Amino acid sequence: MPCTRLPRSVPCRPTHATTLLRNHRPASGHYIAQLRERASDTAASSSFNLQGSARLQSLPLHIDPSMAASLRWTVAVAAVACVLALQGAVAQLSPTFYDSSCPKLQSIVRSAMAAAVQQEPRMGASILRLFFHDCFVQGCDASVLLDDSPTLTGEKNAGPNANSLRGYEVIDSIKSQVEAACPGTVSCADILALAARDGVNLLSGPTWAVPLGRRDTRTASQSAANSNLPSPSSSAATLVSAFASKGLDSRDLVALSGAHTIGAARCATFRSRVYNDTNINAGFAAKRRQICGAQPGGTDGNLAPLDAMSSVKFDNGYFRNLVAQFGLLHSDQELFGGGAVDSVTAGYARNGAAFARDFVTAMVKMGNISPLTGASGEIRANCRKPN
Ligand code: HEM
Ligand SMILES: [Ca+2]
């Protein structure tokens, strides 16, 4: 007798899901309908991630009930998804997360970013970097956007961020437009993810569907910002391990470093390279020394483009620079010149489309670092402070 009725008392719990899988026989659509109902009940009554429930609900609709094998497979998938969602074992972000709750979201972000980039092209770069510095510290949870307050030490004054990160007002302005359209619905963490994507695309880079559904943290970690964010003096091995500790491999490292195809850096971050490194084009080093004096101090804030060829165009110029020893940061040049990732860098220098493809994949991966979902965290009203 196929299992056609699930007692209402059976919750969506790991043990029960295992039982479900073991006892399951080719079943009817009725069974699936109950499983769906169970999933949405659970969603309503617990911290079950709503996206997980949406996924469960859409699963069986495409199944022909006469196909016993696929039906069994569907039940297995649904049960496993239920287990994982309840355990919070998988981050369940989805590009359609706000489709019904905030249909204008993507167009609001896009047009605000278009205005910001038109006013100052570098802003596309600055917002992209904000997203990186968010994701590497406690995950993509908008911790980077929190201001210091008497009760909270934020990340903005951490070494890698102070006098360096920029673009906070652009995020504030997008947030207030989004709040006006859909109050209390969209997280600052998701706004940042979308704005970073649009900044890249507005500077002629690729575009992609951004998985959404992150929530905002109530805490920040200045110490993690100081220790997790790689320094421009890092070696290749240090960079590889910093990225590995975030679940990103060396190919992701190289692709994501391609973000330095746009934007600028301060002398404070590349002075030592242009005065001391030997793996640098001599003429290029001499030119950059003219921007920065030999001593720290007055010229620390002077800027040079990270990509000498085209710092407002998202292309593969960054990698072509590296192959010619025109890397601006010591850490940039570490990605080419006798190390383990040379072949990846050279590949991107030859093939801009391959870079764009891998950059998108790596951005989605980076955006998946420890998001808060379900009932964790909150939807901040103001990106600068917890509710
Ligand atoms: C691999 C390790 C990385 C290191 C050591 C590094 C370091 C730096 C440094 C020192 C600057 C200049 C900051 C300043 O002068 O104030 C910078 C700028 C920038 N970084 Fe990175 N970065 C890394 C990876 C990334 C990643 C993964 C992204 C994004 C996916 C990124 C995006 C940017 C952008 C867009 C800028 C220019 C920002 C602007 O013009 O406002 N970086 N980075
Ligand atoms: Ca964060």
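Residues numbered from 1 in each chain as written. Chains lettered and ligands numbered in written order. Predicted model: local features only at pLDDT ≥ 70, side-chain atom pairs only at ≥ 80, totals over all residues. Heavy atoms only, no water.

### Quick look at the UniProt feature "binding site: Ca(2+) 2" (unreviewed entry) in the protein
Sites flagged by UniProt as "binding site: Ca(2+) 2" (unreviewed entry) map to Thr261, Asp307 and Asp315. Across 55 residues in sequence, these annotated residues keep their C-alpha atoms within 9.7 Å of one another, forming a single compact spot. With respect to the helices and strands, Thr261 occurs in the loop between α11 (250-257) and β1 (264-266). Residue class for Thr261 comes out buried when judged on its relative accessible area of 0%. The contacts of Thr261, once residues within four sequence positions are left out, are Asp307, Ser310, Ser311, Lys313, Phe314, Asp315, Gly317 and Tyr318. If you trace the backbone, Asp315 turns up in the loop between β2 (303-305) and α14 (317-323). Asp315 has contacts with Thr261, Asp307, Ser310, Arg320 and Phe355, leaving out every residue within four places of it along the chain. (UniProt positions renumbered as here; feature names shortened; annotations may be inferred. Helix = DSSP H or I, 4+ residues; strand = E, 2+ residues; numbered from the N terminus. Buried < 20%, exposed > 50% of the residue type's maximum accessible area, 1.4 Å probe, protein only. Contact = heavy atoms within 4.5 Å.)

### Side note on the site of ligand 1
Near ligand 1 there are 27 residues, and of these Arg122, Ser126, Ser164, His260 and Arg266 occur at the shortest range. Within the side chain of Arg122, a nitrogen or oxygen atom sits 2.7 Å from an oxygen atom of ligand 1. Contact distances for ligand 1 include 2.9 Å between a nitrogen atom and a side-chain N or O atom of His260. When each cavity is represented as a set of grid points, ligand 1 is found to reside in the largest pocket. Looking at the shell around ligand 1, the elements with two or more residues in it are α6 (122-135), α10 (236-244), α11 and β1. The element contributing the most residues to the shell around ligand 1 is α6, with 6 residues. Tallied by class, residues from the shell around ligand 1 come to 15 nonpolar, 8 polar and 4 charged. (Near = heavy atom within 4 Å. Polar contact = N/O pair within 3.5 Å; in protein donor to acceptor, adjacent residues only side chain to side chain. 1 Å grid on protein atoms, 1.4 Å probe; cavity = no way out; pocket = protein on both sides within 12 Å on 5 of 7 lines; lining within 4 Å. Sits in = over half its atoms within 2 Å of the grid points. Nonpolar A, V, L, I, M, F, W, Y, C, P; charged D, E, K, R; others polar.)

### Some details on the side chain of Asn316
The residue Asn316 is located in the loop between β2 and α14 in this model. At a separation of 3.1 Å, a polar atom in the side chain of Asn316 contacts the main-chain carbonyl oxygen of Ala349. In this structure Asn316 touches Tyr348, Ala349, Arg350, Asn351, Gly352 and Phe355, once residues within four positions along its chain are discounted.

### Considering the packing of aromatic side chains
Following the criterion strictly, the structure yields 13 aromatic pairs and no others. Seen from their ring centres, Phe97 and Tyr98 are 4.9 Å apart, and the 85° between their planes marks the pair as edge-to-face. Classification of Tyr98 by relative accessible area gives buried; the value is 3%. Ring centres 5.0 Å apart and planes at 35° place the aromatic pair Phe284 and Phe326 in the tilted group. Of this pair, Phe284 sits in helix α13 (residues 282-291) while Phe326 sits in the loop between α14 and α15 (330-333); the two residues are 42 residues apart in sequence, bridging distant segments of the chain. For Phe326, a relative accessible area of 25% gives the class partly exposed. The ring of Tyr168 has Lys156 lying over it, and the distance from NZ or CZ to the ring centre is 4.0 Å. (Phe/Tyr/Trp six-rings, centres within 6.5 Å; stacked < 30°, edge-to-face > 60°. Lys NZ or Arg CZ within 6 Å of the ring centre and 35° of its normal.)

### As for the coordination of the iron atom of ligand 1
Its sole protein donor being His260 (NE2), the iron atom of ligand 1 sits 2.1 Å from that atom. By secondary structure assignment, the location of His260 is in the loop between α11 and β1. (Donors = N, O, S within 2.8 Å, 3.2 Å for Na, K, Ca; no water.)

### Structural notes on the coordination of the calcium ion (ligand 2)
Looking at the calcium ion (ligand 2), one finds its protein donor set to be Asp134 (O), Asp134 (OD), Val137 (O), Gly139 (O), Asp141 (OD) and Ser143 (OG), positioned 2.2 to 2.4 Å from the metal centre. Of note is the calcium ion (ligand 2), whose 6 donor atoms meet at the metal with angles of 74 to 159° in an arrangement that counts as irregular. Along the chain, the residues donating to the calcium ion (ligand 2) are arranged with the sequence spacing D-x2-V-x1-G-x1-D-x1-S. Both residues of the pair, Gly139 and Ser143, count as buried. (Tetrahedral: all angles 85-135°; square planar, octahedral: opposite > 155°, others 65-115°.)

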